[in-house]
Amino acid sequence: MCWMRMVGSGWPCVALVLVVMAANSAAEVVYPSPKPAETENSYWYDLAMKDLNEALHKPKLTNVAKNVILFLGDGMGITVGTAGRILKGQKKGHSGEEGYLVWDRFPNIGLLKTYTVDKQVPDSAATATAYLTGVKANYYTLGVNANVKLNDCHSSLKPENRLKSILEWAQDANKETGVVTTVQVTHATPAGLYAKTSQRRWQCDTKIITAGPDALKCKDIARQLVEDEPARKLKVIMGGGRQEMGNPLEDDAKKICIRTDGRNLVKEWQNDKDAQGKSNAYVTTTKELRSVDIDDTEYLIGLFSDIHMPYEVDRDTGLDGTPSLKEMVEVALKRLKRNDDGFFLLVEGGRIDHGLHWGQPRRALEELLAMEEAVEAALKMVDLEETLVIVTADHSHVMTINGYPERGNNILGVTINEDDVSDHLPYTTLMFTNGHGYNYSWDGEHVIRRNLTGVDTTDKDFEALAAVPTYPGSETHGGEDVAAYAIGPMSHLFHRVHEQNYVAHVMAYAACIGPYEDNCDRPAEIPQNLYKHVKGIRRKSSTSSGISLNTTSSVVLMYVAIVHITKMLTY
């Protein structure tokens, strides 16, 4: 045993290590709760009363959002968020369940329905189209409406089927724009800002050529990034994807989208900015990024890998390696904040999704925590009285937290439930309904599964158990709702279950841009809540409270929320 002082608790405790030996399994660490008063009624009453008081003074800031930042955790469903929250606490020596991710304490939250026009369970392209353009579309398509089917190049070229995004709306309002991601800059989420295509895989010309003659009239996504509006006006572009841009540097990188036309689109991007007389920088390492004079650079493109950027657990943190998502966001904000008319920034934690597709919980959850660090950094750099910040996901995955593990059980570990599990073997707390971690056989009488006794299930390469086999990296998405957490001007518009395309409309209305440029009047009073949208409820007549929600009172309430979030950053 060891003695330690828990962060913020002010009490000494026997910390860590309660070793549980079950069925000769490997030692499992059980983390203690940092809240010794949990056994007392008063603890829970005090906690609830604090939450109640915050709810009674819930901020409602109605001024125009000068800036909008959208953080997108790819695949970060509610289960993934819960597991990430627990891991965050356990990395600090706590049990974890009692803690919070920074966005958990945002004052406003809603749920988003993620289905597409043609699928119950979505992909990241159709969802990006929804939350960035305000229109739902079909599976695997980007920036086009549901009249465009998968691989239908002809229909995608019709002007009436092509959609404007929040990127265009922001630029039309003289705001500066940027995108930061940990995947290819031509991947589904970032491409949702600028691409218009019937096939998300058409990231380079070779993919279009192999699709056949009907696709040849369409332009690949990488070319759209360099040649077309609104992507040409992006002031900050950071992520991976040198390969489809025709500028690969890694001999050992998997050949996913090699250009056939031989064009170097990075060089063409530089030439375009030079022709405009605009200062620009292209960087490929952390050292090069840190060497950029961001106060004297108009356009910045950083491509830090040929395909996707490394997982956080694999990342080279040296100067010749790749920057963290946090560092990229900090640089992006320094550049975009120079504009007096404000900015729009999309930030994607893209490899959360990849870790889950491979059935590797640790990789995925470490990516989530890396994104949280980026959110924390952004909150410290912006004024929340003029900046709308949204944290959400495009879809979920089929990972579940299961069994009846003890409080503080290692979230990446195993549990055993003798009463319910008939083979009496340990199993991972985090499991998948399908995935490459499937490992079952039949002896003629019984189903036999992998015995995890002695297996290090916390290893970054460990594949959690799965019920249905898939090819490697092919665990599927989940179709349940995802959460949207929001703070800042008009963040209270997230308030119940919404369609996913609602996100784009909230951002546009909050900033008075795009379809709401001339239609964003704010209510003069707090509206009466008569639940008119809920059927079958008996209503009692009442009169308006007449409470005026002016800017001053809104700012005071928002200040309370900002102070609370600031305190959360120290957790």
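Residues numbered from 1 in each chain as written. Predicted model: local features only at pLDDT ≥ 70, side-chain atom pairs only at ≥ 80, totals over all residues. Heavy atoms only, no water.

1. A closer look at the nonpolar core
Rule in force here: Here the nonpolar core consists of buried residues drawn from Ala, Val, Leu, Ile, Met, Phe, Trp, Tyr and Cys, with membership extended through side-chain atoms lying within 4.5 Å. For each residue, the accessible area found with a 1.4 Å probe, counting protein chains only, is set against the maximum for its type, and the residue is called buried under 20%, exposed over 50%, and partly exposed in between. Strands are runs of DSSP state E lasting at least 2 residues, helices are runs of H or I lasting at least 4, and numbering of each runs from the N terminus. Any pair of residues with heavy atoms lying within 4.5 Å of one another is described as a contacting pair.
F71, W103 and M238 are the most contacted members of the largest nonpolar core, which has 124 residues in total. Per-element accounting of this core gives the leading share, ten residues, to helix α13 (residues 361-381). Beyond its immediate sequence surroundings of up to four residues, M238 is in contact with V179, V180, T181, V185, L289, L300, G302, F304, M328, V331 and A332. If you look at the next biggest cluster of nonpolar residues, it comprises five residues, including C153, I208, A215 and C218.

2. Considerations on the sheet that holds strand β20 (residues 466-469)
Quick reminder of the rule: Between any two strands, pairing holds if DSSP finds at least two bridges. To define axes, lines are fitted to C-alpha atoms, for helices over the stretch in contact only, and angles between the resulting N-to-C directions are given on a 0 to 180 degree scale.
If you trace the three strands from one edge of the open sheet to the other, you get β14-β17-β20, paired in mixed fashion. At either end of the open sheet lies a strand with only one pairing partner, and these are β14 (399-401) and β20. Going from strand to strand, the sheet's axes swing by 20 degrees on average, the running direction of each strand aside. Sitting on the sheet, helix α2 (residues 78-90) is in contact with β14 and β17 (430-435), with an inclination near 50 degrees to β14.

3. Considerations on the state of the cysteines
To keep it simple, the criterion reads: Disulfide assignment relies on a single distance test, namely cysteine sulfur atoms paired within 2.5 Å.
This model, assessed by the stated rule, comprises three disulfides. In this model, C153 is linked to C218 through a disulfide, with the two sulfur atoms separated by 2.1 Å. An S-S torsion of about 115 degrees defines the bridge between C153 and C218 as right-handed. In this pair, C153 sits in helix α4 (residues 153-156) while C218 sits in the loop between α7 (205-211) and α8 (221-227), placing the two residues 65 residues apart along the sequence. Taken as a pair, C153 and C218 share a single burial class, namely buried. For the protein chain, numbering the cysteines in disulfides from first to last along the sequence yields the connectivity 1-3, 2-4, 5-6.

4. Examining the sheet that holds strand β8 (residues 236-240)
Pairing is mixed in the open sheet, where ten strands are placed in the order β9-β10-β8-β7-β11-β5-β12-β22-β6-β23. Looking at strand neighbours, the two that pair on one side only are β9 (280-283) and β23 (497-499), the edges of this open sheet. Averaged over all neighbouring strand pairs, the angle between strand axes comes to 15 degrees, with direction disregarded. Pairing of strand β7 (residues 176-184) with strand β11 (residues 343-349) involves six bridges; the strand directions are parallel. When the bridges of β11 are listed, V180 appears paired with V347.

5. Quick look at the side chain of Q171
To keep it simple, the criterion reads: For this analysis, a polar contact is any N or O atom pair within 3.5 Å, provided that within protein one partner can donate a hydrogen and the other can accept it, and provided that sequence-adjacent residues contribute only side-chain to side-chain pairs.
Its location among the elements puts Q171 in helix α5 (residues 166-172). Given the relative accessible area of 11%, Q171 is considered buried. Side chain to side chain, Q171 and T177 meet in a polar contact 3.0 Å long. The residues touching Q171, leaving out its near neighbours within four places in the chain, are T177, P230, K233 and L234.

6. Topic: the environment of E499
The residue E499 is located in strand β23 in this model. Since its relative accessible area comes to 24%, E499 is described here as partly exposed. Sequence spacing of E499 and D481 is 18 residues, and the spatial spacing of their C-alpha atoms is 9.4 Å. When neighbours within four sequence positions are excluded, E499 is seen to be in contact with L112, K113, Y115 and K136. At a separation of 3.3 Å, a polar atom in the side chain of E499 contacts the side chain of K113.

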